[in-house]
Amino acid sequence: MKRFQFRLASILTLRLKEQNEAEAKYSAAIQVRRKIEEQINEAQRQYERINGFILQSREGMFSAADQAQYATALEQQKQHINELQDLRIRAQNQEIAAQEVYIEARKKHELLDSLRERKRMEHAAEQLLQEQMESDDLYNARRKFNPLMK
């Protein structure tokens, strides 16, 4: 039986490499988004701490200057949270783009891999048929030269 050789093996290897690179980029995009989400959660906890401190301070007496500082601190924290949320939106868009690239690379690789498998199966069937024909030819040739064989 002749050994199967896929002529597009180098392209299959390149597509696998592209798939792995796309997967790594997609994974990195997910990590970036998760890190930003953690920062948002921490900023919101900080906002709640500041707000809790203000509420405690209001139980007692505090000056208008202190109230202005508290309001400024809360506003800055809100602005920081909004900036992080904008970053998260950009990170999500980059993640979606990386996901699409990964899916496309995976499809291309799987398509070529299924072609390779189909060609391997065709090759095996052809080789089996060829071996069967050779065996039949050998049997018929023996029968032709040996009249006693029926």
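These remarks concern the structure in this document. (Residues numbered from 1 in each chain as written. Predicted model: local features only at pLDDT ≥ 70, side-chain atom pairs only at ≥ 80, totals over all residues. Heavy atoms only, no water.)

**A closer look at the side chain of Gln-77**
Then, in step 1: When you line up the elements, Gln-77 lands in helix H2 (residues 64-145).
Then, in step 2: Gln-77 gets classed as buried once you look at its relative accessible area, which sits at 13%.
Then, in step 3: If near-sequence neighbours (up to four positions away) are discounted, Gln-77 is found in contact with Ala-43, Gln-46, Tyr-47 and Ile-50. (Helix = DSSP H or I, 4+ residues; strand = E, 2+ residues; numbered from the N terminus. Buried < 20%, exposed > 50% of the residue type's maximum accessible area, 1.4 Å probe, protein only. Contact = heavy atoms within 4.5 Å.)

**Description of the nonpolar core**
Then, in step 1: Of all hydrophobic cores here, the largest spans 7 residues; its members are Ala-22, Tyr-26, Ala-29, Ile-30, Ala-98, Tyr-102 and Ala-105.
Then, in step 2: Residue assignment for this core shows that the elements contributing at least two residues are helix H1 (9-59) and H2.
Then, in step 3: Top element by residues in this core is H1. It accounts for 4 residues.
Then, in step 4: Formed by 6 residues, the second largest nonpolar core is a distinct cluster that contains Ile-36, Ile-40, Leu-84 and Ala-91. (Core = buried A, V, L, I, M, F, W, Y, C linked by side-chain atoms within 4.5 Å.)

**Points about the packing of aromatic side chains**
Then, in step 1: Counting across every chain of the model gives 2 aromatic pairs.
Then, in step 2: Aromatic side chains Tyr-26 and Tyr-102 sit 6.0 Å apart centroid to centroid with 15 degrees between the ring planes, which places their arrangement in the stacked category. With a gap of 76 residues between them, Tyr-26 in helix H1 and Tyr-102 in helix H2 connect regions that are remote in the sequence. Tyr-102 matches Tyr-26 in its accessibility class, with the two residues each being buried.
Then, in step 3: Each ring, one from Phe-53 and one from Tyr-70, has its centre 5.7 Å from the other, and the planes form 85 degrees; the classification is edge-to-face. With a gap of 17 residues between them, Phe-53 in helix H1 and Tyr-70 in helix H2 connect regions that are remote in the sequence.
Then, in step 4: By relative accessible area, Phe-53 is classed as partly exposed at 46%.
Then, in step 5: For Tyr-70, a relative accessible area of 18% translates into the label buried. (Phe/Tyr/Trp six-rings, centres within 6.5 Å; stacked < 30°, edge-to-face > 60°.)

**Considerations on the pattern of salt bridges**
Where charged atoms from two side chains of opposite charge come close, those side chains can pair.
Then, in step 1: Here the structure, examined in full by the defined rule, presents 8 salt bridges.
Then, in step 2: Note that Arg-106 is salt-bridged to Glu-110, the shortest N-O span being 3.7 Å. With a gap of 4 residues between them, Arg-106 and Glu-110 both fall in helix H2, about one helical turn apart.
Then, in step 3: Taking the relative accessible area as the measure of exposure, Glu-110 reaches 46% and is therefore partly exposed. (Salt bridge = Lys/Arg side-chain N within 4 Å of Asp/Glu carboxyl O.)

**Thoughts on the layout of surface pockets**
Then, in step 1: As a volume, the largest pocket reaches approximately 300 Å³.
Then, in step 2: Considered class by class, the residues forming the lining of the largest pocket number 4 nonpolar, 2 polar and 6 charged. (1 Å grid on protein atoms, 1.4 Å probe; cavity = no way out; pocket = protein on both sides within 12 Å on 5 of 7 lines; lining within 4 Å. Points joined across faces, edges and corners; volume = space filled by probe spheres on them. Nonpolar A, V, L, I, M, F, W, Y, C, P; charged D, E, K, R; others polar.)

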